[in-house]
Amino acid sequence: STAVAIGEQVDYEIIGIDPGAGIMKATNQAIETYGLADWKLIEGSGAAMTAMLDKAIKAEEPIIITGWTPHWMFAKYDLKYLEDPQKVYGEAEEIHTVARKGLKEDHPTAYEFLDRFEWTSDEMGAIMTAIQEGQDPAEAAKAWAEANTDRVDSWTQGLTPVDGDKLKLSYVAWDSEIASTNLLEYVLESKLGYDVESLQVEAGPMWTGVASGDVDATAAAWLPLTHADYWDKYGDQLDDLGANMTGVKTGLVVPAYVNIGSIEDLK
Ligand SMILES: C[SH](C)CC(=O)O
């Protein structure tokens, strides 16, 4: 059957990303829930996953990856999510901004901006695509902000800039969060006068850094399901500023030419 063909053709491998990502826990859960005993989830990174996707598509070979929206790959390639009838990957996920306890008192201007910050997958996609086409992430964020002054103003109007106060952000090297963190850094520095250090870390340290107060904030919290484990552990030690983006999703993704439609077809 097609499922045997697909399993054989991809050596029963699902190409994943960094092991701490919530999508990796969800995919291990999918392997169990859908009874995919022969299948293996390959750990790596977002960059390695997109490199393998590009190689497979150039050779029009089948591949199954852990994917998420927003991501530039959906604009670049003809891809589809596999149906997830058991809803292992959840439904309407959101990206939240979370801050350390005390940020509101210590840095009210930064706190208010981070609390107001919200944008769409199309807006993030514009920065992500520029980066994917070779632009430096900080330059891509700056260019977007300068072309969208109305949006930046809506997040900063009436706020009193500071004079070089230091701020620490953390994020994981997912293409979506590289875009959002560079934008936050640009606005905090160029409009609000902060001296920002953005730390690229794994998902676990991203959460523990904010929970412990070592890091001031992150805009990379995928909730309610994707980062549920981290939220259960650290949620009461940090300040959830709410969604900075809604309508996001994660799941298993294949090129459109792969003729399966559901995770159930892998069995
Ligand atoms: C890879 S998604 C941006 C987030 C996650 O799965 O942890």
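Residues numbered from 1 in each chain as written. Predicted model: local features only at pLDDT ≥ 70, side-chain atom pairs only at ≥ 80, totals over all residues. Heavy atoms only, no water.

**Points about the nonpolar core**
Item 1. Ile64, Phe113, Trp119, Trp174, Leu183, Leu188 and Leu266 are the most contacted members of the largest nonpolar core, which totals 93 residues.
Item 2. Dropping the residues within four chain positions of it, leucine 183 is found in contact with Phe117, Trp119, Ile127, Ala141, Trp144, Ala145 and Trp155. (Core = buried A, V, L, I, M, F, W, Y, C linked by side-chain atoms within 4.5 Å. Buried < 20%, exposed > 50% of the residue type's maximum accessible area, 1.4 Å probe, protein only. Contact = heavy atoms within 4.5 Å.)

**A closer look at the site of the ligand**
Item 1. Close to the ligand lie Ile17, Ala21, Gly22, Ile23, Trp68, Trp174, Ser176, Glu177, Trp222, Thr226 and His227, which account for all nearby residues.
Item 2. Interatomic distance of 2.7 Å between a backbone N/O atom of glycine 22 and an oxygen atom of the ligand.
Item 3. For the ligand, the protein covers 100% of the area, taking 260 Å² as the surface of the free molecule.
Item 4. The set of elements that each furnish at least two residues to the shell around the ligand consists of α2 (22-33) and α10 (175-190).
Item 5. Residue composition of the shell around the ligand, by class: 6 nonpolar, 4 polar and 1 charged. (Near = heavy atom within 4 Å. Polar contact = N/O pair within 3.5 Å; in protein donor to acceptor, adjacent residues only side chain to side chain. Areas by Shrake-Rupley, 256 points an atom, 1.4 Å probe, with all protein chains shown as cover. Helix = DSSP H or I, 4+ residues; strand = E, 2+ residues; numbered from the N terminus. Nonpolar A, V, L, I, M, F, W, Y, C, P; charged D, E, K, R; others polar.)

**Side note on the side chain of asparagine 182**
Item 1. Relative to the assigned elements, asparagine 182 resides in helix α10.
Item 2. Among the polar contacts listed, one links the side chain of asparagine 182 to the backbone oxygen of isoleucine 178, at a separation of 2.7 Å.
Item 3. With residues up to four places along the chain from it excluded, the contact list for asparagine 182 reads Pro137, Ala138 and Ala141.

**Considerations on the packing of helix α7 (residues 121-132) against α10**
Item 1. The geometry of α7 relative to α10 is characterised by a closest axis approach of 9 Å and an angle of 105° between their N-to-C directions. By the angle class used here, α7 and α10 are roughly perpendicular. Judged by residue contacts, Met124, Ile127, Met128 and Ile131 of α7 engage Asp175, Ser176, Ile178, Ala179, Ser180 and Leu183 from α10. (Axes fitted to C-alpha atoms, helices over the stretch in contact; angles between N-to-C directions. Parallel < 35°, antiparallel > 145°, perpendicular 65-115°, else oblique.)

**So, the confidence of the model for the protein**
Item 1. Chain-level pLDDT for the protein is 97 on average; 99% of the residues reach the 70-or-more range.
Item 2. With pTM at 0.96, the complex prediction returns an ipTM value of 0.99. (pLDDT = per-residue confidence, 0-100.)

**Observations regarding unusual backbone geometry**
Item 1. Here the residue pair threonine 69 and proline 70 is connected by a cis peptide bond, since its omega of 10° sits within 30 degrees of zero.
Item 2. Here proline 70 is to be found in the loop between β3 (65-69) and α4 (73-76).
Item 3. Residue proline 224 is reached from leucine 223 by a cis peptide bond, and omega for that bond is 10°.
Item 4. Inspection of the secondary structure puts proline 224 in the loop between β8 (217-223) and α12 (228-234).
Item 5. Positive phi is not limited to glycine here, since tyrosine 12 has a value of about 55°.
Item 6. Position of tyrosine 12 relative to the elements: it lies in the loop between α1 (2-9) and β1 (13-15).
Item 7. Residues other than glycine seldom take positive phi values, yet lysine 87 does so here, at roughly 55°.
Item 8. Among the secondary structure elements, lysine 87 is positioned in the loop between β4 (79-81) and β5 (93-100).
Item 9. Take lysine 87: its relative accessible area is 43%, and that puts it in the partly exposed class.

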